[in-house]
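Below are the chains, spelled out letter by letter.
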Amino acid sequence: MAIIDEKYQELVENLKSLGSILVGFSGGVDSTFLLYAALDALGKEKVLAVTAVSPSLADRERNEARTIAIKLNANHLEITTDEMGIPEYRANTELRCMHCKNELYTKLREKAGELGYDHVVDATNADEAGGHRPGLKAIDKLDIKTPLKEAGLSKREIRQLSNKFDLPTWDKPSMACLASRIPYGSEVNEEKLKRIGSAEEYLLNLGVRQV
């Protein structure tokens, strides 16, 4: 068995050990792959994909998440997060992502408890263990599981396995939230996010794959 397949089997076994899970689901490469693996490991009734909706999520990404969840026959729920109500987030310091993830995963943990899911899982991969990743601080603090990272799966390997499993996101360009386009120190607000989203939608409709 190839190493990449061994890693996938390790991922499946790790997911099985969690009992039932709520998957933080954006519809991107990593979270789609994680959702597929979770369904493979636990079955539909023990897995819930949850997409956080806020001004920083592009409408196109929201719609794609819905479409992918249907394609995978996954239980899917949307919740609203309010990172815009956090002054430190709006101030757009270098810890912006930490405040965003803290809001996101606090809400997801609450939802998991309300609906009876044992754990919340995040799609952080093994490549993201280093570098400037302030969002990981919130994930660690809230005890969110990161099974892709724990199985040692890199972005390249996730794309390879996604292609093998015929997932529509296997070659999808990496997408960050709309707030990531705003330089640190410049305020994040609804008007800026709306303008950025409209401009990027225009470019994508012209055939540009990534902006």
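Residues numbered from 1 in each chain as written. Predicted model: local features only at pLDDT ≥ 70, side-chain atom pairs only at ≥ 80, totals over all residues. Heavy atoms only, no water.

**Q** So, the overall build of the chain: which residues are in play, and what are the values?
**A** Within the chain, the secondary structure is distributed over nine helices and four strands. Secondary structure of the chain in N-to-C order comes out as α-β-α-β-α-β-α-α-β-α-α-α-α. Relative to the globule expectation of 17 Å for 211 residues, the C-alpha radius of gyration of the chain, 17 Å, shows essentially globular dimensions. Every one of the 211 residues in the chain was classed for burial, and the buried ones make up 45%. Partitioning the contacts of the chain with sequence separation of at least 6, the portion at a separation of at least 24 is 74%. Of the roughly 10500 Å² of accessible surface on the chain, 50% is carried by carbon and sulfur atoms. Each charge class in the chain was averaged separately, 29 positive and 33 negative side chains, and the resulting centres sit 2 Å apart. (Helix = DSSP H or I, 4+ residues; strand = E, 2+ residues; numbered from the N terminus. Rg over C-alpha atoms; globule rule 2.2 N^0.38 Å. Buried < 20%, exposed > 50% of the residue type's maximum accessible area, 1.4 Å probe, protein only. Contact = heavy atoms within 4.5 Å. Areas by Shrake-Rupley, 256 points an atom, 1.4 Å probe, with all protein chains shown as cover. Lys, Arg positive; Asp, Glu negative; His and termini not counted. Charge placed at Lys NZ, Arg CZ, Asp CG, Glu CD.)

**Q** With reference to specific residues and values, describe the packing of aromatic side chains.
**A** What the rule picks out here adds up to three aromatic pairs. For the pair tyrosine 8 and phenylalanine 33, a centre-to-centre distance of 6.0 Å together with 55 degrees between the ring planes defines the contact as tilted. Of this pair, tyrosine 8 sits in helix H1 (residues 3-16) while phenylalanine 33 sits in helix H2 (residues 29-42), and the two are 25 residues apart along the sequence. On the basis of relative accessibility, which here comes to 5%, the residue tyrosine 8 falls in the buried class. Pairing tyrosine 8 with phenylalanine 165 gives two aromatic rings, centres 4.9 Å apart and planes at 50 degrees, and the pair type is tilted. With a gap of 157 residues between them, tyrosine 8 in helix H1 and phenylalanine 165 in the loop between helix H8 (155-164) and helix H9 (190-205) connect regions that are remote in the sequence. Taken together, Tyr8, Phe33, Tyr36 and Phe165 form an aromatic cluster joined through their ring pairs. (Phe/Tyr/Trp six-rings, centres within 6.5 Å; stacked < 30°, edge-to-face > 60°.)

**Q** Quick one: what's the story with the nonpolar core, residue by residue and with numbers?
**A** By size, the foremost hydrophobic cluster in this structure holds 33 residues, and its most contacted members are Leu11, Leu15, Ile21, Phe33 and Leu35. Put simply, the parts of the chain that give this core at least two residues each are H1, strand E1 (21-24), H2, strand E2 (47-53), helix H3 (59-71) and H8. Beyond its immediate stretch of four places on either side in the chain, leucine 11 contacts Phe33, Ala37, Pro147, Leu148, Ala151 and Leu153. Ranked by size, the runner-up nonpolar core spans 14 residues in total, among them Leu22, Leu48, Val120 and Ile144. (Core = buried A, V, L, I, M, F, W, Y, C linked by side-chain atoms within 4.5 Å.)

**Q** Now, about unusual backbone geometry: what can you tell me, with residues and values included?
**A** Backbone geometry at asparagine 73 places phi at a positive 55 degrees, although glycine is not the residue there. Taking the relative accessible area as the measure of exposure, asparagine 73 reaches 48% and is therefore partly exposed. Even without a glycine there, the phi angle at aspartate 166 is positive, about 60 degrees. As for its position among the elements, aspartate 166 is in the loop between H8 and H9.

**Q** An account of H1 is requested, with residue identities and associated values reported.
**A** Here H1 spans 20 Å end to end across 14 residues, near enough to the 20 Å set by a 1.5 Å rise per residue. Where H1 is concerned, the buried positions are Ile4, Lys7, Tyr8, Leu11, Val12 and Leu15. Buried positions in H1, seen along its axis, are confined to an arc of 140 degrees and lie on one side of it. Looking at the packing, one finds that the buried side of H1 touches E1, H2, helix H7 (147-150) and H8. (Expected span 1.5 Å × (residues − 1). Arc of directions from axis to C-beta.)

As far as function goes, none of this settles anything; it's purely spatial.
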